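# A structural walkthrough
Here is how the chains run, residue by residue.
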Amino acid sequence: MTPDLDARAVELLLPLVASWTGFHPDAIRRDALRRVARPLLGAMGRDELLARARDREPSVVHALEEGVAVGETYFFRQPEHFQHLAAVAAARAAAGAPAFRAWSAGCATGEEAYSIAATLDGAAGGAMRAEVLGTDLLQRNVRFAGAGAYGPWSFRERCPLLHPVSEGPWRFPGHGEVVEVSRRLRSLTAFSLANLLDPQPRLGEPFDAIFCRNVLVYFSADAARAALSSLVAALAPQGLLYLGPMDSSALPPGMVEAGPAGLNVYALEPPRSRPAAPSRRPGAG
């Protein structure tokens, strides 16, 4: 019989997993936590599992984090964000910018990251290099995103394909058919593991745009503030932060709205210019 966590062990693990991931304990499904714990219980006892979790042993942490997931994602979700990004990218390309770096933070299975790449590539018309990084907490999501093959659930009628994402047709006449992301978009997009609560210096140069949408809504208040601070710190001077409608109840610190009210797009607040010092007349003193 497959071992399972008892209710007491689940309640002891929940705050630990919440502290690692930033997710509020109420946003972590207990049945999902039991499911990912079963293979661990097959190799160690309940008490050993709890002890290793308290010690934050990496193999146990990564295994239990797999029970935390945001499952709802699809291509060009919230199309108004991609329309805004397209206008920004076209203006940057026209101004001679050589490249545009974007980060899909909490990319889940990658649809958002490829949507960003398609938008940047389409808007710039080849005049500006696009670089997109998608990161997620879960290894299974990173692997899925890197494969770049999607079924009907990743495409919704209410969110049309604003830019091509594949080289062939994207309709699904047969059961089980998938759409493969074009080689062009794959060449512009990379995926890696990252925890939004960790410092992000290893992600490279600052980003011109960061999408972190419908992720922070699952976080505790303290974790959301910490993640926002990390995201803002990763922005380039004219960088933009795109959030979901429920991700933040107030302007992120140091940010101003960069679009119409309710669009949830923010830019770094321009530095305030200091008033010029009064000139001194010769001989005054």
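Above this text you will find the structure in question.
Residues numbered from 1 in each chain as written. Predicted model: local features only at pLDDT ≥ 70, side-chain atom pairs only at ≥ 80, totals over all residues. Heavy atoms only, no water.

## With respect to the nonpolar core
In this structure, Leu64 and Trp103 are the most contacted members of the largest nonpolar core, which totals 46 residues. Here the element with the most residues in this core is helix α1 (residues 7–21); it accounts for 7 residues. Residues Phe155, Val181, Ala209 and Leu240 belong to the second largest nonpolar core, which totals 37 residues. (Core = buried A, V, L, I, M, F, W, Y, C linked by side-chain atoms within 4.5 Å. Buried < 20%, exposed > 50% of the residue type's maximum accessible area, 1.4 Å probe, protein only. Helix = DSSP H or I, 4+ residues; strand = E, 2+ residues; numbered from the N terminus.)

## Quick word on the pairing of strand β6 (residues 207–212)
Here β6 lies mainly inside the structure; 6 of its 6 residues are buried. By the bridge criterion, 3 bridges tie strand β1 (residues 99–105) to β6 in an arrangement that is parallel. Of the residues in β6, the one forming a bridge with Ala102 is Ala209. Relative to strand β7 (residues 235–243), β6 is paired through 5 bridges, and the arrangement is parallel. Pairing of Phe211 across the sheet is with Tyr242, part of β7. Crossover handedness for the path β6 to helix α9 (residues 221–233) to β7: right-handed. (Pairing = 2+ DSSP bridges. Right-handed = clockwise from strand over helix to strand, strands pointing away.)

## As for the packing of α1 against helix α4 (residues 58–65)
Between α1 and α4, the least distance of the axes is 10 Å, while the angle of their chain directions is 95°. Judged by the inter-axis angle, α1 sits roughly perpendicular to α4. Note on element contacts: α4 touches α1 through Val61, Leu64 and Glu65, opposite Leu13, Val17, Trp20 and Thr21. Tallied by class, residues from the contact of α1 with α4 come to 5 nonpolar, 1 polar and 1 charged. (Axes fitted to C-alpha atoms, helices over the stretch in contact; angles between N-to-C directions. Parallel < 35°, antiparallel > 145°, perpendicular 65-115°, else oblique. Contact = heavy atoms within 4.5 Å. Nonpolar A, V, L, I, M, F, W, Y, C, P; charged D, E, K, R; others polar.)

## Looking at the packing of α1 against helix α2 (residues 30–43)
A pair of packed helices is captured by two measures, namely the crossing angle of their axes and the spacing between those axes. Where α1 contacts α2, the two axes come as close as 10 Å, and the packing angle between them is 95°. Classed by the angle they form, the pair α1 and α2 counts as roughly perpendicular. Side by side, α1 and α2 meet where Ala7, Val10, Glu11, Leu13, Leu14 and Val17 of the first sit next to Arg30, Leu33 and Arg34 of the second.

## Thoughts on the sheet that holds β7
An order of β5-β2-β1-β6-β7-β9-β8 is seen for the 7 strands of this open sheet, with the pairing classed as mixed. The open sheet has two edge strands, β5 (189–193) and β8 (255–257), and neither has a second partner. For this sheet the average axis-to-axis angle between neighbouring strands, irrespective of direction, equals 25°. Running over the sheet, helix α5 (residues 79–94) touches β1, β6, β7 and β9 (265–268) and is turned about 165° from β7. Taken strand by strand, helix α7 (residues 139–147) contacts β2 (129–136) and β5, and its axis lies near 165° from that of β5.

## Points about the packing of aromatic side chains
Under the defined criterion, the tally for this structure stands at 11 aromatic pairs. Taking 5.4 Å as the distance between ring centres and 50° as the angle between the ring planes, the aromatic pair formed by Phe23 and Phe219 counts as tilted. Residue Phe23 is located in the loop between α1 and α2, and its partner Phe219 is located in the loop between β6 and α9; the two are separated by 196 residues in the primary sequence. Accessibility classification places Phe23 together with Phe219 in one group, the buried group. Here the basic side chain of Arg156 rests over the ring of Trp153, its NZ or CZ set 3.7 Å away from the ring centre. (Phe/Tyr/Trp six-rings, centres within 6.5 Å; stacked < 30°, edge-to-face > 60°. Lys NZ or Arg CZ within 6 Å of the ring centre and 35° of its normal.)

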